[in-house]
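One letter stands for each residue in the lines below.
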Amino acid sequence: MCGIIGYIGKQQASPIVIDGLRRLEYRGYDSAGLAVLADGKLATRKRKGKIDEGLAVLHKQSPVTGTVGMGHTRWATHGLPTDENSHPHLDQSGRIAIVHNGVIENYDSLRKKLEAKGHTFKSETDTEVLAHLIGERYAALEKAGHIKENAATHPLAQATKDALKDAVGTYGVVVISEMHPGVMVGARRGSPLIVGIGNDENFLASDANAIVNYTKRVIYLKDYDVVTLWEDNFKMETVSDNSGSYQISDIEFDAEAADKGDFDHYMLKEIFEQPQTVKNALRGRMDFEESTAKFGGLNMSVAELRAIDKIVITACGTSWHAALVGEYLIEEMAHIPVEVEYASEYRYRNAPIDKNTLCIVITQSGETADTLAGLRESKRRGHTVLSICNVVGSTIARESDGGIYLHAGPEIGVASTKAFVSQVTALTLFALMMGRIRMLSNRRGTQILKALEAVPGQIQKILDQNDEIRRIALKYKDCHNFFFLGRQYNFPVALEGALKLKEISYIHAEGYPAAEMKHGPIAMIDENTPTVVVLPTDALYEKTYSNLEEIKARKGPTVAIATEGNTHIAEKVDDVIYVPETWECINPLLAVIPLQLLSYHIAVARECDVDKPRNLAKSVTVE
Ligand code: M6R
């Protein structure tokens, strides 16, 4: 939540900052702003609204020049999205500016203390309080005569560290000051921040997309790291220490991967990438020789995996839906009981967890605050935690004991699509591996591998029906309520279909196990409430079909996601979208694709901003 970029070098900072903010806008788009050191003076521009409607227009009218600058795109936590509440914020003296991602929980008491000392505030934000606190600590250093550019800890970094010692909460923060125009300071706790190392230029950013155009060499800051950047150097410390450790990594994707290409929206691009992203998730992990799957990064021996007698999976949103598919997969293939928890509930629930329980967290971003907190809670209790994660080097990937990367490339559309399919692919491989360690036959293992191998081509076949799916979407675009139904493996798919539609088109939608409708929700059905039923030709086909008849009997329009070859269904429902035949356990990987496209086309037809749906942000780094 909230995107941050900072630049120090020889180039003009503003264009780099605005370009970076555009690439980060999926992290929040309530307002955006920048601060540049122009001839040694701080110049700020900030405005409510999306970048191209606010900040970029403002900056065009009144540009600022200078080679040190930083910017912020906001997802509001404290205070409405207004010009005043937009970042950057200045300290009391107006000589220090900060941008911040996170929440300063004790900002109210800090603000009162500062007000008692004569500070006045222009915004309602916790960030402005932090800016004032840094200014206050800087003034104390000045008073004590401790302002020396060549000090072991740079005075701007020292003031930042002193302020952060008093701040309770989370931060990814960048600080610049008129007093030190050749320096930029960054610090993190709980909110991501990375250093980009260039040639005679350095960067700070909340994620790699913002800077991959300029450099691929990065350092992922750890909690409590504080970094001082000059254009040709950097120094790593921690909030409490004068030295810090770091590791330089390479960003694993190219700048083009974070571009929209010829697609109208990132979401559509990401939907169409799925044949490739499934291949990426499978690459090197299918072992036909042993009819199993293998992973490089689990960091667990076969004996340790064999000893597991329960699995708890925690996640949020779409990743939680993938976890539910994982529950069916692991229980069927490996006969290990699985519990799926909302990460936000798990961490505060005093759930008794047995000794031999493996914890798995699933997350696209690797930064979701609730999921991270759940991971830490599991680790605190002494459990091994594996992560299934997309963003390399993210906090969750680093803090887990081992894991599986999705290699899906950057997912920029706020509505998650390719990450879900890759998560389910990874879970299928994991379930297969766990099954083969226990009781799954060689023959079944081979069947599953063959079915997985066919998935990219089968997804492509569904994508080829895009025009037909769009036609169906246009038919239902003005409805106010939708139901999505599925059984077993396809129940989580129904939940995911409903979430996709809600978040990008603002149509009320609910997902249910098909048989649950008659226990209450069916009361909602009328001729204007369509129901999308995931209805593969499987062992429960007749049962699910009966549920569909119950909807039809109440005049509800019906759309079936059916298996190719089922010609009978076309006569029974209003619309049908076919997916290729596969095993039951693989069907979610196919059935979800038409639901993604259906939501996308409905949202576009309703003129919604698909990639930046209202009230949402891509990576939810607050609790
Ligand atoms: O990055 P994560 O997978 O941890 O994110 C979890 C949810 O915030 C995310 O899936 C959210 O529900 C998406 N907007 C769904 O499209």
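Residues numbered from 1 in each chain as written. Predicted model: local features only at pLDDT ≥ 70, side-chain atom pairs only at ≥ 80, totals over all residues. Heavy atoms only, no water.

Points about helix α5 (residues 155-166)
Taking 1.5 Å of rise per residue, twelve residues should cover 16 Å, and α5 covers 17 Å from first to last C-alpha, within 8% of that figure. The buried count for α5 comes to nine of twelve residues, which makes it a mostly enclosed element. Looking at α5, one finds that the buried residues are P155, L156, A157, A159, T160, K161, D162, A163 and L164. Next to the buried residues of α5 lie β6 (96-101), α4 (126-143), β7 (171-177), β8 (184-189), β12 (225-230) and β13 (233-238). (Helix = DSSP H or I, 4+ residues; strand = E, 2+ residues; numbered from the N terminus. Expected span 1.5 Å × (residues − 1). Buried < 20%, exposed > 50% of the residue type's maximum accessible area, 1.4 Å probe, protein only. Contact = heavy atoms within 4.5 Å.)

Points about the site of the ligand
Inspection of the region around the ligand gives 14 residues, with S319, T363, Q364, T368 and E503 positioned closest. Within the contact set of the ligand, an oxygen atom lies 2.6 Å away from a side-chain nitrogen or oxygen of S319. Q364 has a polar backbone atom sitting 2.7 Å from an oxygen atom of the ligand. Considering the ligand on its own, with 410 Å² of exposed area, one finds that the protein chains cover 91% of that surface. (Near = heavy atom within 4 Å. Polar contact = N/O pair within 3.5 Å; in protein donor to acceptor, adjacent residues only side chain to side chain. Areas by Shrake-Rupley, 256 points an atom, 1.4 Å probe, with all protein chains shown as cover.)

Some points on the packing of aromatic side chains
Tallied over the entire structure, the rule returns ten aromatic pairs. Summarising the aromatic geometry, the rings of F234 and Y246 are spaced 5.1 Å apart at their centres and angled 70° between planes, so their arrangement reads as edge-to-face. A residue pair is termed long-range when its members are at least 10 positions apart, and F234 in strand β13 and Y246 in the loop between β13 and β14 (249-250) qualify at twelve residues. Exposure remark for F234: the relative accessible area of 16% places this residue in the buried category. Arranged with centres 4.0 Å apart and planes meeting at 10°, the rings of W320 and Y342 form a pair that is stacked. (Phe/Tyr/Trp six-rings, centres within 6.5 Å; stacked < 30°, edge-to-face > 60°.)

A closer look at the domain arrangement of the protein
In terms of domains, the protein is made up of domain 1 (3-251), domain 2 (261-456) and domain 3 (465-610). On the side of domain 3, 25 residues touch domain 2, which itself brings 30 residues to the contact. With both chains or domains summed, domain 2 and domain 3 bury close to 2,500 Å², and 74% of this area falls on carbon and sulfur atoms. The largest share of the area that domain 2 buries against domain 3 comes from M267, H321 and Y328, three residues that together contribute 22% of it. Seen at the junction of domain 2 and domain 3, the total is zero salt bridges. Of all the elements in the fold, those that place two or more residues in the side of domain 2 that touches domain 3 are α6 (266-272), α9 (317-334), α13 (418-437) and α14 (442-463). Considering each element in turn, the side of domain 2 that touches domain 3 owes the most residues, ten residues, to α9. In terms of residue class, the side of domain 2 that touches domain 3 is made up of 17 nonpolar, ten polar and three charged. (Domains from an automatic or database assignment. Buried area = accessible area lost by both parts, 1.4 Å probe. Salt bridge = Lys/Arg side-chain N within 4 Å of Asp/Glu carboxyl O. Nonpolar A, V, L, I, M, F, W, Y, C, P; charged D, E, K, R; others polar.)

Comments concerning the nonpolar core
Counting 93 residues, the largest nonpolar core has I311, I313, I330, I360, F430, F482 and F484 as the members making the most contacts within it. Structurally, this core is a two-domain feature, drawing no fewer than three residues from each of domain 2 (261-456) and domain 3 (465-610). Apart from the residues within four sequence positions on either side, F430 is in contact with F295, L298, I311, I330, L358, I360, L386 and I404. (Core = buried A, V, L, I, M, F, W, Y, C linked by side-chain atoms within 4.5 Å.)

Some details on the pattern of salt bridges
Following the criterion strictly, the structure yields 37 salt bridges and no others. The partner of R471 in a salt bridge is D575, and the shortest N-O contact between them spans 3.3 Å. Taken together, the residues span a long stretch of sequence, with R471 in helix α15 (residues 466-476) and D575 in strand β26 (residues 575-579) at a distance of 104 residues. A network of salt bridges, in which partner residues are shared, links R188, D223, R376 and E399.

As for the sheet that holds strand β21 (residues 402-405)
If you trace the five strands from one edge of the open sheet to the other, you get β18-β17-β19-β20-β21, paired in parallel fashion. Only two strands of the sheet have a single neighbouring strand rather than two, namely β18 (338-342) and β21. The sheet shows a mean angle of 20° between the axes of neighbouring strands, taken without regard to direction. Where strand β17 (residues 310-315) and β18 come together, five bridges link them in parallel fashion. Each residue of the ladder has a partner; that of V312, found in β18, is E339. (Pairing = 2+ DSSP bridges. Axes fitted to C-alpha atoms, helices over the stretch in contact; angles between N-to-C directions.)

Digging into the packing of helix α3 (residues 107-116) against α4
The relative placement of two packed helices is expressed as an angle between their axes plus a distance between the axes. Contact geometry of α3 with α4 gives a least axis separation of 9 Å together with a crossing angle of 50°. Here α3 is positioned oblique relative to α4, judged by the angle of their axes. Considering only the axes of α3 and α4, their crossing is left-handed. The residues of α4 that touch α3, namely those facing Y107, L110, R111 and L114, are D126, V129, H132, L133 and E136. Of the residues in the contact of α3 with α4, the class split is five nonpolar, one polar and three charged. (Parallel < 35°, antiparallel > 145°, perpendicular 65-115°, else oblique. Left-handed = near helix turned anticlockwise from the far one by under 90°.)

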